[in-house]
Amino acid sequence: MPATPAAPRGRLRVAVTRRLPEAVETRMSELFDVVLRDDDRKMTADQLVAVMQDADVLVPTVTDQITAAMLARAGDRLKLIANFGAGVDHIDVLSARQRGVLVSNTPGVVTEDTADMTLALILAVTRKIPEGLAEMQAGRWQGWSPTAHLGGRVGGRRLGILGMGRIGQAVARRAAAFGMQVHYHNRTRLRPEIEAALGATWWESLDQMLARMDIVSVNAPHTPSTFHLLNARRLKLMKPSAVIVNTSRGEVIDENALTRMLRAGEIAGAGLDVFEHGHEINPRLRELPNVVLLPHMGSATVEGRAEMGEKVIINIKTFADGHRPPDLVVPSML
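Attention in this report is confined to the structure presented alongside it. (Residues numbered from 1 in each chain as written. Predicted model: local features only at pLDDT ≥ 70, side-chain atom pairs only at ≥ 80, totals over all residues. Heavy atoms only, no water.)

### Here's the deal with helix α1 (residues 22–31)
Line of reasoning, step 1. Taken together, the buried positions of α1 are Val 24, Glu 25 and Met 28. Along the long axis of α1, the arc covered by the buried residues comes to 95°, so they all point the same way. Pointing more than 90 degrees away from the buried face of α1 are the exposed residues Glu 22 and Ala 23.
Line of reasoning, step 2. Lining the buried residues of α1 we find β1 (13–16), β2 (33–35), β3 (57–59) and α13 (302–320). (Buried < 20%, exposed > 50% of the residue type's maximum accessible area, 1.4 Å probe, protein only. Helix = DSSP H or I, 4+ residues; strand = E, 2+ residues; numbered from the N terminus. Arc of directions from axis to C-beta. Contact = heavy atoms within 4.5 Å.)

### Thoughts on the sheet that holds strand β8 (residues 200–202)
Line of reasoning, step 1. With parallel pairing, seven strands are arranged side by side in an open sheet as β8-β7-β6-β9-β10-β11-β12. The open sheet has two edge strands with one neighbour each: β8 and β12 (291–293). Going from strand to strand, the sheet's axes swing by 20° on average, the running direction of each strand aside.
Line of reasoning, step 2. Pairing analysis gives four bridges linking strand β10 (residues 243–246) to strand β11 (residues 269–272), with the strands arranged parallel. In the sheet register, Asn 246 faces β11, and the bridge partner there is Leu 272.
Line of reasoning, step 3. On top of the sheet, helix α7 (residues 166–177) reaches β6 (158–162), β7 (181–185) and β9 (215–218); it is set at about 170° to β6, its chief contact. (Pairing = 2+ DSSP bridges. Axes fitted to C-alpha atoms, helices over the stretch in contact; angles between N-to-C directions.)

### Some words on the environment of Arg 127
Line of reasoning, step 1. As for its position among the elements, Arg 127 is in the loop between α5 (111–126) and α6 (129–138).
Line of reasoning, step 2. Along the chain, Arg 127 and Leu 210 lie 83 residues apart, while their C-alpha atoms are 21 Å from each other.
Line of reasoning, step 3. For Arg 127, the contacting residues outside a window of four places in its chain are Gly 151 and Gly 152.

### Notes on the nonpolar core
Line of reasoning, step 1. Of all hydrophobic cores here, the largest spans 29 residues; its most connected members are Leu 162, Leu 230, Leu 235, Met 238, Ile 244, Leu 258 and Leu 262.
Line of reasoning, step 2. Elements that contribute at least two residues to this core include exactly α9 (206–210), β9, α11 (255–264) and β11.
Line of reasoning, step 3. At four residues, the largest contribution of residues to this core is made by α11.
Line of reasoning, step 4. Beyond its immediate stretch of four places on either side in the chain, Leu 230 contacts Leu 162, Leu 206, Leu 210, Val 218, Leu 235, Ile 244, Val 252, Ile 253 and Asp 254. (Core = buried A, V, L, I, M, F, W, Y, C linked by side-chain atoms within 4.5 Å.)

### Here we look at a nonpolar patch on the surface
Line of reasoning, step 1. Judged by side-chain polarity, Met 136, Trp 141 and Trp 144 come together as a nonpolar surface patch covering roughly 450 Å² of accessible area.
Line of reasoning, step 2. Judged by relative accessible area, Trp 141 falls into the partly exposed class, the value being 45%. (Patch = residues over 30% accessible without salt bridge, like charges linked within 9 Å, V, L, I, M, F, W, Y side chains within 5 Å. Areas by Shrake-Rupley, 256 points an atom, 1.4 Å probe, with all protein chains shown as cover. Salt bridge = Lys/Arg side-chain N within 4 Å of Asp/Glu carboxyl O.)

### A word on the pairing of β10
Line of reasoning, step 1. A two-sided burial pattern is seen for β10, the buried positions comprising Val 243 and Val 245 on one face and Ile 244 and Asn 246 on the other.
Line of reasoning, step 2. Sheet topology note: the β9/β10 ladder contains four bridges and is parallel. In the strand pairing of β10, Val 218 is matched with Asn 246.
Line of reasoning, step 3. Regarding the hand of the β-α-β motif, the stretch spanning β10, α11 and β11 is right-handed. (Right-handed = clockwise from strand over helix to strand, strands pointing away.)

### Focus on the pattern of salt bridges
Line of reasoning, step 1. Summed over all chains, the structure comprises 23 salt bridges.
Line of reasoning, step 2. Glu 25 serves as the salt-bridge partner of Arg 19, at 3.2 Å between the closest nitrogen and oxygen.
Line of reasoning, step 3. Overall, Arg 19 belongs to the partly exposed group, its relative accessible area being 41%.
Line of reasoning, step 4. The class for Glu 25 is buried, based on a relative accessible area of 7%.
Line of reasoning, step 5. One salt-bridge network, held together by shared partners, links Arg 13, Asp 33, Asp 54, Asp 56 and Arg 77.

Dropping the structure here:
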């Protein structure tokens with residue numbers, strides 16, 4: 001790997017690809033020569049390349065795909081990609097490093113917010129909250145009935161967590177408070193003291209875990225090894241009464257296979273905050289009453305966005321001062 005590039009002298013020219021919270025944009029403007037957006041539309045590949053050609057630092061988001069071909073056209077000025085977000089699967093990190101461009105991210109900031117949303121989706125699906133909401137909004141409710149809108153109790157259910165990193169562990173803590181039995185599958189097993197603190201049972205075999213869970217929570221990053229990790233074969237291992245929730249990356253699940261099984265009643269329900277093809281959602285998913293769909297809201301809190309911005313600024317400022325960004329991403333981490 002090439003040596004860490006030195007920051008250019010003088011005020012860094014920083015290009016931001018999307019609208020950020022006002023306080024974050026203001027602070028960036030105070031510290032750097034910042035190019036901000038007037039609107040919040042996603043930039044095209046050509047627009048991103050043009051911005052990279054004229055900036056020392058690029059601040060992209062998860063919606064900005066930065067490929068090796070785009071980096072090859074970016075020229076020599078770009079030295080740092082300070083991602084606004086924890087996931088970097090939209091950036092070709094290896095190609096960036098080979099061209100002398102560092103990549104940083106904002107880890108840890110979204111942990112609690114995403115875990116909260118995971119539990120919200122579990123409750124929404126199992127307790128049929130959207131069904132009740134739709135009835136109220138349509139004015140159809142005629143009063144309480146002992147047999148109406150019967151969902152299932154989450155207490156006592158087995159929750160299988162796929163991916164036991166920061167967010168997976170935060171989900172486990174919340175699930176335990178709701179009385180769920182916590183199980184998990186991870187690339188590496190947690191230390192015994194962490195397992196004990198979480199009350200979590202490790203499954204070396206993902207297949208065996210899936211076959212026994214009442215609820216499955218996907219909290220794994222998107223990498224080449226996790227693409228369609230939950231494919232048609234593995235989804236068929238789940239119990240027909242089970243539900244699945246995904247607040248991590250849509251590519252981990254074969255969305256077409258999941259849709260077919262939900263339509264056939266082979267899986268009881270799903271809560272999805274992310275989708276395999278970004279905002280292009282399988283239209284058949286929208287038709288299903290046993291599915292709760294959200295527009296990638298897992299980390300969408302005022303506090304979380306502000307903290308993400310603070311981390312981006314710290315990474316850029318540390319680089320500007322001639323030091324290694326604290327949240328530097330290297331290919332071996334992926």
